[in-house]
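A look at the structure
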Amino acid sequence: MIFDYSALRNLLFKLPPETAHSLAELCLRGAAQTPFLLAAIAKRLASRDPSLKQTLCGLTFNNPIGIAAGFDKNATMIKPLAALGFGFVEVGTLTPKPQLGAAKPRLWRHIEQKSLQNAMGFNNDGLEAAIRRVEKIAPFVIPIGVNLGKNKTTLNKEAIDDYRVGVARAEATADYLVFNLSSPNTPDLRDLQNESFVRELFVMARSITQKPIFLKIAPDLPVGDAIKVSAGAIESGASGIIAANTTNDYSRIEGSDKNGGGLSGAVLTDKSREFFKPIAKELFGKTTLIASGGIMSVGEAWARIKAGASLAQIYTGLIYEGAGFVKTINDGVSAAMKSEGFNSIGEAIGSDIR
Ligand SMILES: Cc1cc2nc3c(=O)[nH]c(=O)nc-3n(C[C@H](O)[C@H](O)[C@H](O)COP(=O)(O)O)c2cc1C
């Protein structure tokens, strides 16, 4: 760790969650304005283990840990996030038109459970503004993913048009794209997680671009449906699956149903892992799998990698563990690889199910 995060966390946690996020954004953007500071942070936090490096979908990942969508919705923090040691950054979710998102408050902490609850509703500056920011730094030293959604006012029967606009605008700049059909905070969005829409979506996308495109699914889907939808996506041109988004299983935290939205962090860990495993059993070797959801420790990241995840994304862990968390996970995964006799990350991925 660069310093003891727990004291800073105590201060940040005195602020409303969105204010703390804006403050963190301000600090990260400030650091990006000071190249020597950014370089010093990167030097301290970069993972230097070459055995963590891999090429997937034609992209080079120096390490398997990425920042999940929603942290950098508007592509304002890509450089400082890279300096924190992330192997890739996913920006968004972006919608064709800018939108304010849900009324505040819309983000809550469950501190005892090391969890967050968000009902943000795709607040974002819009596709155009964010892609312009990405264009300024692309091609970048680590892969940049662009996560795409639909505007709240777009009806589901017209949703494909929003995703078409997203692909057409982002594909030349993004290293990979993601179709997010799994946010619980855009009314009826999750209904689009059906095989026929997903097939139509990827056929449309493949008529526009050959860039890697992932589908991000919800952990609340019955697992059989998740496998069917994922397999349909892959047959229609998807490069992989991100499993999974937040959960709206409010039984996990008493009283959480009153705010709605999605739960993330430790309360999601076992649900997300147990959702991931059968999907990986079915699809490992046929596609690229990215794990997301409740990865709050080295052990959990390592478990998902051995269960078949080529990459893993974190969000809530960063809030609770601080900036050093990416390095902690990368160093921990390196150590676990060595102690279990793997020479490269590629050997470890899916080793539990091969
Ligand atoms: C405040 C907040 C906002 C989020 N916004 C998005 C989003 O815009 N798009 C998306 O695909 N996922 C979004 N997510 C979900 C995360 O990308 C991630 O899949 C989820 O939080 C589970 O990972 P975690 O337990 O490590 O946080 C958001 C999560 C949080 C906590």
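Going by the structure above, here's the rest.
Report on the accompanying structure. (Residues numbered from 1 in each chain as written. Predicted model: local features only at pLDDT ≥ 70, side-chain atom pairs only at ≥ 80, totals over all residues. Heavy atoms only, no water.)

So, on to the site of the ligand. Around the ligand, a shell composed of 24 residues is seen, among which A69, T93, S292, G294 and T316 lie nearest. Between the ligand and N147, the relevant distance is 3.1 Å, taken from an oxygen atom to a side-chain nitrogen or oxygen of the residue. Here an oxygen atom of the ligand and a backbone polar atom of G265 are 2.9 Å apart. Across the complex, the protein chains shield 97% of the 610 Å² of accessible surface that the ligand would expose by itself. (Near = heavy atom within 4 Å. Polar contact = N/O pair within 3.5 Å; in protein donor to acceptor, adjacent residues only side chain to side chain. Areas by Shrake-Rupley, 256 points an atom, 1.4 Å probe, with all protein chains shown as cover.)

Let us now look at the side chain of H110. Tracing the chain through its elements places H110 in strand 5 (residues 107-110). Leaving out residues up to four positions away in the same chain, H110 has contacts with S115, L116, Q117, I253, S256, L263 and Y320. (Helix = DSSP H or I, 4+ residues; strand = E, 2+ residues; numbered from the N terminus. Contact = heavy atoms within 4.5 Å.)

Another point: the sheet that holds strand 11 (residues 262-265). Strands sit in the order 5-6-11 across an open sheet of three strands; the sheet is antiparallel. Each edge of the open sheet is held by one strand with a lone partner, namely strand 5 and strand 11. The mean angle between the axes of side-by-side strands here comes to 25 degrees, regardless of whether they run parallel or antiparallel. As judged from the four bridges shared by strand 5 and strand 6 (residues 115-118), these two strands associate in the antiparallel manner. Bridged to L107 within strand 6 is N118. (Pairing = 2+ DSSP bridges. Axes fitted to C-alpha atoms, helices over the stretch in contact; angles between N-to-C directions.)

What follows concerns the sheet that holds strand 10 (residues 240-243). On the basis of which strands lie adjacent, the closed barrel formed by eight strands has the order 3-4-7-8-9-10-12-13 and parallel pairing. Adjacent strand axes in the sheet meet at a mean angle of 25 degrees, parallel and antiparallel pairs treated alike. As judged from the three bridges shared by strand 3 (residues 65-67) and strand 13 (residues 311-314), these two strands associate in the parallel manner. Residue pairing across strands places G66 opposite Q313, the latter belonging to strand 13. Contacts from helix 6 (residues 159-170) reach strand 7 (144-148) and strand 8 (176-180) within the one sheet, and its direction differs from that of strand 8 by about 165 degrees.

As enumerated under the stated definition, the model contains eight aromatic pairs in all. Seen in terms of ring centroids, F13 and Y320 are 5.4 Å apart; in terms of plane orientation they differ by 85 degrees. Their pairing is edge-to-face. In this pair, F13 sits in the loop between helix 1 (5-12) and helix 2 (17-32) while Y320 sits in helix 11 (residues 316-321), placing the two residues 307 residues apart along the sequence. Like Y320, F13 is buried. Centroid distance W302 to F342: 5.9 Å. Interplanar angle 70 degrees. Geometry classified as edge-to-face. (Phe/Tyr/Trp six-rings, centres within 6.5 Å; stacked < 30°, edge-to-face > 60°. Buried < 20%, exposed > 50% of the residue type's maximum accessible area, 1.4 Å probe, protein only.)

Attention shifts here to the pairing of strand 8. Within strand 8, five of the five residues are buried, which leaves it mostly tucked inside the rest of the structure. Both faces of strand 8 are covered, namely the face carrying Y176, V178 and N180 and the face carrying L177 and F179. In terms of strand pairing, strand 7 meets strand 8 through four bridges, oriented parallel. Paired with V146 across the strands is L177, a residue of strand 8. For the handedness criterion, the β-α-β arrangement of strand 7, helix 6 and strand 8 is classed as right-handed. In terms of strand pairing, strand 8 meets strand 9 (residues 213-217) through four bridges, oriented parallel. Residue N180 lies in a different strand from strand 9, and its bridge partner there is K216. Chirality of the crossover, the property in question, places the unit of strand 8, helix 7 (residues 195-206) and strand 9 among those that are right-handed. (Right-handed = clockwise from strand over helix to strand, strands pointing away.)

Keep in mind these numbers describe shape, not what the thing actually does.
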